[in-house]
Amino acid sequence: MNARDLLSRVRAAQGIPSYYALAGRLGVPIKTVQRWNTGSNTPDDAMAARLAQLAGLDPDQVVAQMQAERANDPAERARWQRIADRLAQAPAAAAAAVIVALWTGGPPDAVVS
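Structural notes, computed from the coordinates. Source: prediction; values computed, not measured.

Conventions adopted
- Residues numbered from 1 in each chain as written.
- Predicted model: local features only at pLDDT ≥ 70, side-chain atom pairs only at ≥ 80, totals over all residues.
- Heavy atoms only, no water.
- Phe/Tyr/Trp six-rings, centres within 6.5 Å; stacked < 30°, edge-to-face > 60°.
- Lys NZ or Arg CZ within 6 Å of the ring centre and 35° of its normal.
- Salt bridge = Lys/Arg side-chain N within 4 Å of Asp/Glu carboxyl O.
- Helix = DSSP H or I, 4+ residues; strand = E, 2+ residues; numbered from the N terminus.
- Buried < 20%, exposed > 50% of the residue type's maximum accessible area, 1.4 Å probe, protein only.
- Arc of directions from axis to C-beta.
- Contact = heavy atoms within 4.5 Å.
- Polar contact = N/O pair within 3.5 Å; in protein donor to acceptor, adjacent residues only side chain to side chain.
- Core = buried A, V, L, I, M, F, W, Y, C linked by side-chain atoms within 4.5 Å.
- Axes fitted to C-alpha atoms, helices over the stretch in contact; angles between N-to-C directions.
- Parallel < 35°, antiparallel > 145°, perpendicular 65-115°, else oblique.
- Left-handed = near helix turned anticlockwise from the far one by under 90°.

Some points on the packing of aromatic side chains
The relative placement of two aromatic rings is captured by the distance of their centres and the angle of their planes. For the coordinates displayed, the defined rule picks out 0 aromatic pairs. Over the aromatic face of Y19 sits the side chain of R11, whose NZ or CZ is 4.4 Å from the ring centroid.

Right under this line is the structure:
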């Protein structure tokens, strides 16, 4: 996901009709939102996390994706993208563990010390 996709998801999730309205909601100049939308800039980590929350997304994953988008070095970009991909897979792995536990009658007895 890039910054443009993130902005679209925020607008859809929050029912925000325009980038101008989004800028007002975020308390940033419209030029800032326009730069994010065109890809000439990306939200910083704090703003990326805030946007993720507004869109109903995992803030850690979105921050990693924005880091990947910002990275100039291909190796660094790939590293951040791998992190984002792993974070995206984590909920699926957790859900699978819950399904297995329910299917098999629950988790094995915990060791209590």
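Next comes the rest of the account.
Some details on the pattern of salt bridges
One pass over the structure, following the stated rule, counts 1 salt bridge. One salt bridge connects D45 with R70, and the closest N-O pair in it is separated by 3.1 Å. Note that D45 is positioned in helix α4 (residues 45-55) and R70 in helix α5 (residues 59-70), a separation of 25 residues in sequence. For R70, a relative accessible area of 28% corresponds to the partly exposed category.

As for α4
The set of residues buried in α4 consists of M47, A48, L51, A52, L54 and A55. Within α4, the buried residues cover an arc of 160° as seen down the axis, which keeps them to one side. α4 presents A46 and Q53 as exposed residues on the side facing more than 90 degrees away from its buried surface. Next to the buried residues of α4 lie α1 (3-14), α2 (19-26), α3 (30-38) and α5. Near the N-terminus of α4, the side chain that reaches the backbone nitrogen of A46, with its oxygen 3.3 Å away, is that of D44.

Here we look at the nonpolar core
Of all hydrophobic cores here, the largest spans 20 residues; its most connected members are V10, L22, L26, V28, V33, W36 and L51. Only α1, α2, α3, α4 and α5 provide two or more residues apiece to this core. Per element, the largest residue contribution to this core is 6 residues, and it comes from α4. Among residues more than four places away in sequence, those in contact with V28 are A23, V33, W36 and M47.

Observations concerning the packing of α4 against α5
One can describe the packing of α4 onto α5 by two numbers: an axis separation of 8 Å at closest approach and a directional angle of 135°. Between α4 and α5, the crossing angle belongs to the class labelled oblique. As α4 runs across α5, the sense of the crossing is right-handed. The segment α4 lies against α5, with D45, A48, A49, A52 and Q53 engaging P59, V62, V63, M66, Q67 and R70.

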